[in-house]
Amino acid sequence: MKAFTLFIILLIFLILPIVGVFVSAKSMAAGGKVLNQAVKNNDLSGMKNGLGQVKAADNMLNISLIPMFWVRIIPFLGGYYADATHFAKASQYELDAAGILVDSLEPHKDDLGLNGTQIPGQDKIAQFVKILNKILPEIDKVEPQLKKASDEVASIDVNKYPESFAGRRIRSLVETGKNFIMGAHYAVTESKDALILAPAALGEPSAKTYLLIFQNDKEIRPTGGFMTAYATLTLDKGRLSSTQSDDIYRLDEKLLEVCKNKICPLTPPEPLVKYLPEADGRERTAWSMRDSNFSPDVPTSMAQFEKLYGFLGEGMNWDGIILIDTHVVEELIKITGPIEVFGTTYSADNDPRCNCPNVIYELEAYAQIIEKGEADRKAILGTLMQQILARSLGAATDKLPEFVNAGVKLANGKHMMFYMKDQKLQTALSKLNWTGDVRPYTYDYLMINDSNFAGGKTNLYVRQDVKLDIDVDNDKVKHTLTIKYSNPEEYKVWLNGINRTYFRVYVPAGSKLTSSKGSEVPVSTIDEELGKTVFDGFLQIRPGSSKDIVLEYELPQNLTGKDYNLLIQKQPGTKDFEYTINVNGGAKEKFKLDTDKEFKLSI
């Protein structure tokens, strides 16, 4: 009798639920395939069918998980069970929202090409623009469901998952799922203004042209990297074309010729004169377009770039500037797979020539050719980006979350930034922190900004470890900032030599420097720049070595209270460096600076 009772208990609370979970998972996968194929075929009826299958399977999954509530108390397994229930519930809300949006498209399916008509890859953005225009009025209807879904997954810690298991990526899949769910709610709330303006930005109803500037973050500059190359991209009702692609030196050659015959105010900033000599060693006497991104505030630097470009007299026939760096190309190629341009293959595989992804090595080799001024250098940027976009548009539908997750992550990490002439669009993107602004802030503030001046591609290897010690004593706040620069790699000819870093540390306006160590020149104070006080200096880091910069300074006023407010801004283009914050000798925060971060610290 006891054995029979035990069997019944196991049947109810373990065997049947596990079978139910297994069956529902298979049903969800089958429904997902139907949905994926329907999206691929532009078949709205098939999409509804697929959504219905997935929703039924998800309901079954939620029911199957309920009897397994006791797993929560089991160490290790309990956390994964909780995550599974959160994802299952979130899926219900997401599917409800998707159902509302799909139903709203039914009256327009023929006009949108959702009747089984095949859409060429190059026309998919155009179709997306049309669909977006139809679903925008429905956003308010789906916001409650998307909020519930976002709340369900918000507490999930993706870092507890292994990178891979049994040959399958685990952590990145969990992270993509969580970010996609939370991002959907963010899109219809915080990103709503940008979403509403998206059709116009994508060329509906009139075409838009953008200047795409490639910044080489392995040769770091204030806005993210040395501006190596550019391309013009036109979006006409979502259809993409590239009209021009060249390297930045061609522009400067034109500028030099023009300014031989007319007066051009090209006086460079003093640090450029001091730390960045011409290739032949002579002192720099003119400010070139390739060095115009001297301000860490992207809008300020892009205004300076346009000012210098204006001397060419060719007009600026673009609606905005988009800045990207090597991280953008690398992350997208991870999803699309290898791409060949002009006989060179770009892939995410490790390249032993640099101990880095192959695409990074090839881009750095391309930058080296440009900087040497070789006559047969090819303008690859426009072609490469078109190939990446074509692959992205032609990818399977189940890749969409990966592309969305990668794009948002790159923009949040300041590897992709926007400078738009449409002020409403610029303001909407600024609210998302995608415009590279040095932000005004009432309380404590920190931003470290480096410029690699004639130090080659060394930022491929150079890293920072930052420690901020905050000492609060009644009405005085003292800081000790320690920046450890290190280059663990050996010398690699043109890739890794002596890194020459002009550094600027932005702190609250009115701060006073009391001591400094590590800079090869006396650290100076700039009293007012972008609403901040700036401490600047210079150092050189050789391969296989490290150096510390230590700055001690006092804040201008007592910023204490119940909470201590601090904003740390990330320099565009940089890696996710390690930061540690201590207050009155006690550890408060340790994190990777992957985006701007604001803290409320107890003291």
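Placed above this text is the structure.
The shown structure was predicted, so the numbers you read here are calculated from the model rather than taken from an experiment.

Calculation rules
Residues numbered from 1 in each chain as written. Predicted model: local features only at pLDDT ≥ 70, side-chain atom pairs only at ≥ 80, totals over all residues. Heavy atoms only, no water. Axes fitted to C-alpha atoms, helices over the stretch in contact; angles between N-to-C directions. Helix = DSSP H or I, 4+ residues; strand = E, 2+ residues; numbered from the N terminus. Parallel < 35°, antiparallel > 145°, perpendicular 65-115°, else oblique. Left-handed = near helix turned anticlockwise from the far one by under 90°. Contact = heavy atoms within 4.5 Å. Nonpolar A, V, L, I, M, F, W, Y, C, P; charged D, E, K, R; others polar. Expected span 1.5 Å × (residues − 1). Buried < 20%, exposed > 50% of the residue type's maximum accessible area, 1.4 Å probe, protein only. Core = buried A, V, L, I, M, F, W, Y, C linked by side-chain atoms within 4.5 Å. Pairing = 2+ DSSP bridges. Polar contact = N/O pair within 3.5 Å; in protein donor to acceptor, adjacent residues only side chain to side chain. Patch = residues over 30% accessible without salt bridge, like charges linked within 9 Å, V, L, I, M, F, W, Y side chains within 5 Å. Areas by Shrake-Rupley, 256 points an atom, 1.4 Å probe, with all protein chains shown as cover. Salt bridge = Lys/Arg side-chain N within 4 Å of Asp/Glu carboxyl O. Disulfide = S-S within 2.5 Å.

Where helix α7 (residues 192-201) contacts helix α15 (residues 423-431), the two axes come as close as 9 Å, and the packing angle between them is 135 degrees. Regarding the angle of α7 to α15, the classification is oblique. At the point where α7 passes α15, the crossing takes the left-handed sense. Touching Asp 193, Ala 194, Leu 197 and Ala 201 of α7 are Lys 424, Leu 425, Ala 428 and Lys 431, all from α15. Its residues assigned to classes, the contact of α7 with α15 comprises 5 nonpolar, no polar and 3 charged.

With 15 residues, helix α12 (residues 358-372) should cover 21 Å at 1.5 Å per step; its first-to-last C-alpha distance of 21 Å lies within 8% of that length. The element α12 is largely enclosed, with a buried count of 11 among its 15 residues. All of the buried residues along α12 are Asn 358, Val 359, Ile 360, Tyr 361, Glu 362, Leu 363, Glu 364, Ala 365, Tyr 366, Ala 367 and Ile 370.

A few words now on the nonpolar core. The biggest cluster of nonpolar side chains holds 76 residues, and the ones touching the most others in it are Ile 213, Phe 305, Ile 321 and Val 329. Among residues more than four places away in sequence, those in contact with Val 329 are Phe 214, Val 359, Leu 363, Leu 384, Met 385 and Ile 388. Membership of the second largest hydrophobic core comes to 33 residues, among which are Ile 448, Val 462, Val 466 and Leu 468.

The mixed open sheet is built from 6 strands, whose spatial order is β16-β19-β14-β13-β21-β22. With one partner strand each, in any of the chains shown, β16 (512-517) and β22 (586-592) form the two edges of the open sheet. Recorded for the sheet is a direction-independent mean angle of 15 degrees between the axes of neighbouring strands. When β16 meets strand β19 (residues 545-554), the two strands line up antiparallel, connected through 5 bridges. Bridging across to β19, Lys 517 finds its partner in Val 550.

Most of helix α11 (residues 326-336) is tucked away, with 9 of its 11 residues classed as buried. Restricting attention to buried positions, one finds in α11 the residues Thr 326, His 327, Val 328, Val 329, Glu 330, Leu 332, Ile 333, Ile 335 and Thr 336. The backbone nitrogen of His 327 has a side-chain oxygen 2.9 Å away, supplied by the residue at the start of α11, namely Asp 325. Of the residues one or two after α11, Gly 337 is the one with positive phi, at around 95 degrees.

On to a nonpolar patch on the surface, then. On the surface, Phe 180, Leu 400, Val 404 and Val 408 cluster together into a nonpolar patch covering about 290 Å² of accessible area. Among the elements that line the nonpolar patch, the one with the most residues is helix α14 (residues 400-412), at 3 residues. Looking at the element boundaries, Leu 400 is found in helix α14. Judged by relative accessible area, Leu 400 falls into the partly exposed class, the value being 45%.

Applying the stated rule across the entire model yields 2 disulfides. Sulfur-sulfur distance for the disulfide between Cys 259 and Cys 264 comes to 2.1 Å. Disulfide Cys 259-Cys 264: the torsion about the S-S bond is -95 degrees, which places it as left-handed. Judged by its relative accessible area of 14%, Cys 264 is buried. The disulfide that involves Cys 354 links it to Cys 356, with 1.8 Å between the sulfurs. Disulfide Cys 354-Cys 356: torsion about the S-S bond near -95 degrees, hence left-handed. Counting only the cysteines that take part in disulfides, in the order they occur along the protein chain, gives the pairing 1-2, 3-4.

Along a regular strand, successive side chains alternate from one face of the sheet to the other. Relative to strand β21 (residues 578-583), strand β13 (residues 463-473) runs parallel, the two being bridged by 6 bridges. Each bridged residue has a counterpart across the sheet, and for Asp 465 the counterpart in β21 is Glu 578. Where β21 lies against β22, 6 bridges are found, and the strand directions are antiparallel. The residue bridging Ile 581 from the neighbouring strand is Glu 589, located in β22. From the end of β21 to the start of β22, which pair antiparallel, there are 2 residues, and Asn 584 there has a positive phi angle of about 50 degrees.

Everything listed here is a matter of geometry and, on its own, says nothing about what the molecule does.
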